[in-house]
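Structural characterization, general
As a plain string of letters, each chain reads:
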Amino acid sequence: ADELVDALQSPDVVRVDLTGDEYDLSDRPGVLVRNRAVTVEGTGGPRPPVLRVAAVPLDGGVRPGTLTFAKCSQVVLRGVRVEVADGPPDADAVGHPVGVAMVDCPRVDVTECRFDPAGGAAAPVDDAVGLAVLGDPERPTEAAVRNCFFALRRGAAVWFGGPVRA
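The subject of this paragraph is the pattern of salt bridges. Applying the stated criterion across every chain, the model contains 13 salt bridges. Residues Lys71 and Asp104 are paired through a salt bridge, measuring 3.5 Å at the closest nitrogen-oxygen approach. Of the two residues, Lys71 sits in the loop between β6 (67-70) and β7 (75-78) while Asp104 sits in the loop between β9 (97-103) and β10 (107-111), which places them 33 residues apart along the sequence. Assessed through its relative accessible area of 36%, Lys71 is described here as partly exposed.

Quick look at the structure:
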């Protein structure tokens, strides 16, 4: 997961090919990708690579264990299995916990991805959102979510907020 974090946080990287089996971000400080176009694509074998994230409420900053894209001109997430785990408890947190967030990104494309609770169906994450796409009032988001499967049973699969055309 170190290579993935380094690649996502490098301002020069516009494409990340996930060739490994598993990338666990849930126990890390959180990854924030800003101000660029970026593609994250699973390119491994017959099974999509697993990207494990924690579900933590949005607070405008870097959220522990999560993956957040902010003010990126375009975000593409393709061919990845996202496992959403419970985030660290926070008594002051407000709102639904979110695993992958795309905030103020004018173009979003999520294709052939799967969003599951970490630990399988027997371990659902309470009240979590697998994918949040939040638009900027001054720059609405064009979002496409195609051929995806969402198995989060006690939360929401996708949350579209603000001006988003899906």
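More follows now that the structure is in view.
Let us now look at the nonpolar core. Leu8, Leu67, Phe69 and Met102 are the most contacted members of the largest nonpolar core, which totals 35 residues. No other element matches helix α1 (residues 2-9), which puts 4 residues into this core. Phe69 has contacts with Val33, Val38, Val40, Val75, Val100, Ala101, Met102, Val103 and Cys105, leaving out every residue within four places of it along the chain.

Let us now look at the sheet that holds β10. If you trace the 6 strands from one edge of the open sheet to the other, you get β1-β4-β7-β10-β13-β16, paired in parallel fashion. A single partner strand is all that each edge strand has here, and the edge strands are β1 (15-18) and β16 (164-165). With 2 bridges connecting them, strand β13 (residues 141-146) and β16 associate as parallel partners. Note that in β16 the partner of Thr141 across the bridge is Val164. In the packing of α1 onto the sheet, contacts are made with β1 and β4 (38-42), and the angle to β1 comes to roughly 165 degrees.

This part covers the pairing of β9. Of all 7 residues in β9, 6 are buried, a share of seventy percent or more. When strand β5 (residues 50-57) meets β9, the two strands line up antiparallel, connected through 2 bridges. The residue bridging Pro57 from the neighbouring strand is Pro97, located in β9. Here β6 pairs with β9 via 4 bridges, running parallel. Bridge pairing in β9 places Leu67 opposite Val100. Strand direction decides the pairing type here: β9 and strand β12 (residues 129-134), joined by 5 bridges, are parallel. Its bridge partner lying in β12, Val100 is registered against Leu131.

Moving on to the confidence of the model for the chain. On average, residues of the chain score 88 in pLDDT, and 90% of them are at 70 or above. Taken element by element, the chain is modelled with least confidence in strand β15 (residues 156-161), mean pLDDT 85, and with most confidence in β7, mean pLDDT 98.

Another aspect to go through is the layout of surface pockets. Its boundaries defined by the atoms lining it, the largest pocket holds a volume of some 210 Å³. Every residue lining the largest pocket is counted, 14 residues in all, and those nearest its centre are Gly60, Gly61, Thr68, Ala70 and Val103. Of all the secondary-structure elements, those providing two or more residues to the lining of the largest pocket are β3 (31-34) and β6. Class assignment of the residues belonging to the lining of the largest pocket gives a composition of 6 nonpolar, 3 polar and 5 charged. Approximately 170 Å³ is the volume found for the second largest pocket.

Analysis parameters
- Residues numbered from 1 in each chain as written.
- Predicted model: local features only at pLDDT ≥ 70, side-chain atom pairs only at ≥ 80, totals over all residues.
- Heavy atoms only, no water.
- Salt bridge = Lys/Arg side-chain N within 4 Å of Asp/Glu carboxyl O.
- Helix = DSSP H or I, 4+ residues; strand = E, 2+ residues; numbered from the N terminus.
- Buried < 20%, exposed > 50% of the residue type's maximum accessible area, 1.4 Å probe, protein only.
- Core = buried A, V, L, I, M, F, W, Y, C linked by side-chain atoms within 4.5 Å.
- Contact = heavy atoms within 4.5 Å.
- Pairing = 2+ DSSP bridges.
- Axes fitted to C-alpha atoms, helices over the stretch in contact; angles between N-to-C directions.
- pLDDT = per-residue confidence, 0-100.
- 1 Å grid on protein atoms, 1.4 Å probe; cavity = no way out; pocket = protein on both sides within 12 Å on 5 of 7 lines; lining within 4 Å.
- Points joined across faces, edges and corners; volume = space filled by probe spheres on them.
- Nonpolar A, V, L, I, M, F, W, Y, C, P; charged D, E, K, R; others polar.

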